[in-house]
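Per-entry structural report
Letter by letter, the chains look like this.
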Amino acid sequence: MQNKQDFMKTKPVFPLLLSMAAPMVLSMLIQSLYNIVDSIFVARLGTEALTAVSLVYPLQNIVLSLSVGVGVGINSVIARRLGEQKAEEANKAASIGMGLTFLHCILIILFGLLATRPFLSIFTSDEQTLQWACRYSYIVLCFSAGSLIHICFEKIFQSVGAMFLTMISLLVGCITNIILDPILIFGLFGLPALGVTGAAVATVIGQFCSLFVYLVIYARKDIGIKISPKYFSLDKNTILQIYSVGIPSSLMLAAPSLMSGVLNFMLTGFSDIYVAILGIYLKLQTFLYTPASGIVQALRPIAGYNYGAGERERLHKIIRCSMLLVAAIMAAGTAAALIFPEQIFSIFIDDAALIGPGSTALRIICLGFLVSSVSVVYAGVFEALGCGKKSLLISLIRQIIIIIPL
C-alpha cells in the first residue's frame with residue numbers, strides 16, 4: 001500500500017497536481033458540455049420544456065449534493081488513512097461508505113416519489129410545464145442508484161490517485177448521454193419521440209454506463225483499496241468521520257439549489273422567461289466551475305495524504321499551486337462573459353426576450369468569478385483535512401446569508 005501511494009508525497013507538486021487534475025478537468029468539461037447540449041436539445045421543444053427541466057435542476061442538485069458530499073467524506077478519510085499507512089482502516093472506510101450509499105439510494109427513491117409534485121407545483125401554475133417537469137424528475141430520481149453508486153466509486157478511485165480511470169468512466173457516461181439525447185428526445189432511427197422524458201431516460205442510461213465501467217475496472221484491476229463485506233461494520237468512529245465531512249459538504253453543494261429554488265420562486269412572480277434565464281445561467285456556471293472543481297478533486301487526495309503523512313510544508317505548496325490554476329480558469333471565464341454574453345446565450349435559444357436580460361445578468365455575475373477562487377480552493381482544503389464545518393460556513397455566508405436577502 002505504501003509503495004502504491006508514495007508518489008503523492010514524492011513527485012514534484014505542480015506536475016503531480018496537473019497530472020491528476022488534467023483527466024478530471026477534461027472529463028468534467030465534457031460532462032458540462034453534455035449539460036449544455038442537453039439544454040440545447042430540450043430548448044428546441046419550446047420555452048415550456050426548458051423551464052420544466054430548469055425547475056427540476058434544484059432537485060437533481062440535492063441528490064447530487066448528497067452523493068458527492070458523502071463521497072468527499074469517504075475520499076477524505078481514505079486519503080488520510082493512506083497517508084498514515086493504515087491500509088485496513090482505508091478499506092474499512094471504503095466498504096462502510098459503499099454501504100451508506102446503498103442506504104441513500106433507497107431514501108432518494110422515497111423522496112422522489114413523495115416530494116416531486118408538491119415541490120414543483122410551488123414554482124409553476126402551467127399544467128404542461130408541471131407535467132413535463134414531474135415526468136423528468138420521477139425518472140432521474142427514482143433511477144438515481146446508477147448516479148449515487150458510480151459517484152461513490154469515483155471518490156474511492158480518486159482517493160488513491162486513479163484520476164485517469166475516473167475520467168474514462170465519466171467520458172463513457174457523458175458520451176452515451178450526448179448520443180442518446182437527440183435519439184430519444186426527437187425519435188430518431190424509428191424510435192418514438194419522447195421529448196423531455198427522452199432527456200431523462202438518456203441521463204439515467206448514461207449514469208448506469210459510468211457505473212458499469214467502474215465495476216469492470218474494479219473487478220480487473222487492483223487499485224489499492226478493497227471493498228468487501230468483511231470490512232463493513234457499523235463502526236461509529238468511521239461513520240462519524242465520513243459524515244463529519246460529508247454532511248457539511250452535501251449542505252455546501254446543496255446551497256446553490258436552495259438559492260436557485262428561492263430565486264425561481266421570486267422570478268415566477270415576473271415571468272417564466274426569467275426562470276428559463278436562471279436555468280441557462282446555472283448550466284453556464286457549471287461549465288466554468290466544473291474545471292475548477294476538477295482541480296479541487298485532484299487537490300483533496302494529495303492534500304489529505306500529505307496531511308496524514310505529516311508533510312505540512314508540501315501541503316502549503318499544493319494549496320498555492322491549486323489557487324493559481326483555479327484563478328486562471330476564473331479569469332478566462334470572466335473575460336468570455338464580459339466580451340461575448342449575447343453569443344453565449346444565443347447558443348441556447350434565439351428568443352430576444354431571453355438573450356437581452358440574460359446577457360446583462362451574465363455581465364454582472366461574472367465580476368465575482370475571480371474572487372470566488374479563494375472559497376473554491378479552501379473548501380477543498382478544509383474537506384481534505386476533515387474540517388467540513390469550515391467549508392460549510394464559508395458557503396452559507398456567500399450563497400445563502402448574503403445572496404438571498406439581497
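Just above, that's the structure.
Residues numbered from 1 in each chain as written. Predicted model: local features only at pLDDT ≥ 70, side-chain atom pairs only at ≥ 80, totals over all residues. Heavy atoms only, no water.

**Concerning unusual backbone geometry**
Negative phi is the rule for most residues except glycine; trans is the rule for most peptide bonds. Of note, the phi angle at Gln 85 is positive, near 65°, even though the residue is not glycine. Along the chain, the position of Gln 85 falls in the loop between helix 4 (47–83) and helix 5 (87–120). (Helix = DSSP H or I, 4+ residues; strand = E, 2+ residues; numbered from the N terminus.)

**Some words on the environment of Thr 334**
Tracing the backbone through its elements, the reader meets Thr 334 in helix 12 (residues 312–339). With relative accessibility at 14%, the residue Thr 334 sits in the buried group. Considering only alpha carbons, one finds Thr 334 and Gly 294, 40 residues apart in sequence, at a separation of 18 Å. Non-local contacts of Thr 334, meaning those with residues more than four positions away in its chain, are made with Cys 366, Phe 369 and Leu 370. Separated by 2.9 Å, the side chain of Thr 334 and the backbone oxygen of Met 330 make a polar contact. (Buried < 20%, exposed > 50% of the residue type's maximum accessible area, 1.4 Å probe, protein only. Contact = heavy atoms within 4.5 Å. Polar contact = N/O pair within 3.5 Å; in protein donor to acceptor, adjacent residues only side chain to side chain.)

**Observations regarding the packing of helix 5 against helix 6 (residues 127–142)**
At a closest axis distance of 9 Å, the pairing of helix 5 and helix 6 adopts a crossing angle of 170°. Here helix 5 lies roughly antiparallel to helix 6, going by the angle between them. Note on element contacts: helix 6 touches helix 5 through Glu 127, Leu 130, Ala 133, Cys 134, Ser 137, Tyr 138, Leu 141 and Cys 142, opposite Ile 108, Ile 109, Phe 111, Gly 112, Leu 113, Thr 116, Arg 117 and Leu 120. Tallied by class, residues from the contact of helix 5 with helix 6 come to 11 nonpolar, 3 polar and 2 charged. (Axes fitted to C-alpha atoms, helices over the stretch in contact; angles between N-to-C directions. Parallel < 35°, antiparallel > 145°, perpendicular 65-115°, else oblique. Nonpolar A, V, L, I, M, F, W, Y, C, P; charged D, E, K, R; others polar.)

**A short note on the pattern of salt bridges**
The full count for this structure, using the stated rule, is 8 salt bridges. A salt bridge links Glu 84 to Arg 81; the shortest N-O distance between them is 3.3 Å. For Glu 84, a relative accessible area of 33% translates into the label partly exposed. Take Arg 81: its relative accessible area is 11%, and that puts it in the buried class. One network of salt bridges, with partners in common, ties together Arg 81, Glu 84 and Lys 86. (Salt bridge = Lys/Arg side-chain N within 4 Å of Asp/Glu carboxyl O.)

**Examining the packing of helix 7 (residues 145–159) against helix 8 (residues 163–186)**
The geometry of helix 7 relative to helix 8 is characterised by a closest axis approach of 8 Å and an angle of 160° between their N-to-C directions. As the angle between them shows, helix 7 and helix 8 are arranged roughly antiparallel. Both helix 7 and helix 8 take part in a crossing whose hand is left-handed. Together, His 150, Glu 154, Phe 157 and Gln 158 of helix 7 and Met 163, Leu 165, Thr 166 and Leu 170 of helix 8 make up the contact between the two elements. Along the lines of polarity and charge, the residues of the contact of helix 7 with helix 8 split into 4 nonpolar, 3 polar and 1 charged. (Left-handed = near helix turned anticlockwise from the far one by under 90°.)

**What to know about a nonpolar patch on the surface**
The grouping of Leu 103, Ile 106, Leu 107, Ile 109, Leu 110, Leu 113, Leu 114 and Tyr 138 at the surface amounts to a nonpolar patch, some 760 Å² of accessible area in total. For the nonpolar patch, the element with the most residues is helix 5, which contributes 7 residues. By the element assignment, Leu 103 lies in helix 5. Judged by relative accessible area, which is 44%, Leu 103 ranks as partly exposed. (Patch = residues over 30% accessible without salt bridge, like charges linked within 9 Å, V, L, I, M, F, W, Y side chains within 5 Å. Areas by Shrake-Rupley, 256 points an atom, 1.4 Å probe, with all protein chains shown as cover.)

**A short note on the side chain of Ser 359**
Here Ser 359 lies in helix 14 (residues 352–365). What makes Ser 359 buried here is its relative accessible area of 3%. Non-local contacts of Ser 359, meaning those with residues more than four positions away in its chain, are made with Pro 341, Glu 342 and Phe 345.

**Structural notes on the nonpolar core**
Soluble globular proteins: nonpolar side chains tend toward being buried together. By size, the foremost hydrophobic cluster in this structure holds 107 residues, and its most contacted members are Ile 78, Leu 120, Tyr 136, Phe 153, Ile 156, Phe 157 and Ile 225. For this core, the leading source of residues is helix 11 (residues 272–308), giving 18 residues. Apart from residues lying up to four places away in sequence, Leu 120 is in contact with Leu 55, Val 56, Leu 59, Leu 130, Ala 133, Cys 134 and Ser 137. (Core = buried A, V, L, I, M, F, W, Y, C linked by side-chain atoms within 4.5 Å.)

**Observations regarding the packing of aromatic side chains**
A complete count under the given rule lists 7 aromatic pairs for this structure. On the numbers, 6.0 Å between centres and 55° between planes, the contact of Phe 153 with Tyr 218 is tilted. Remark: Tyr 218 occurs in helix 9 (residues 196–220) and Phe 153 occurs in helix 7; sequence separation between them is 65 residues. By relative accessible area, Tyr 218 is classed as partly exposed at 23%. (Phe/Tyr/Trp six-rings, centres within 6.5 Å; stacked < 30°, edge-to-face > 60°.)

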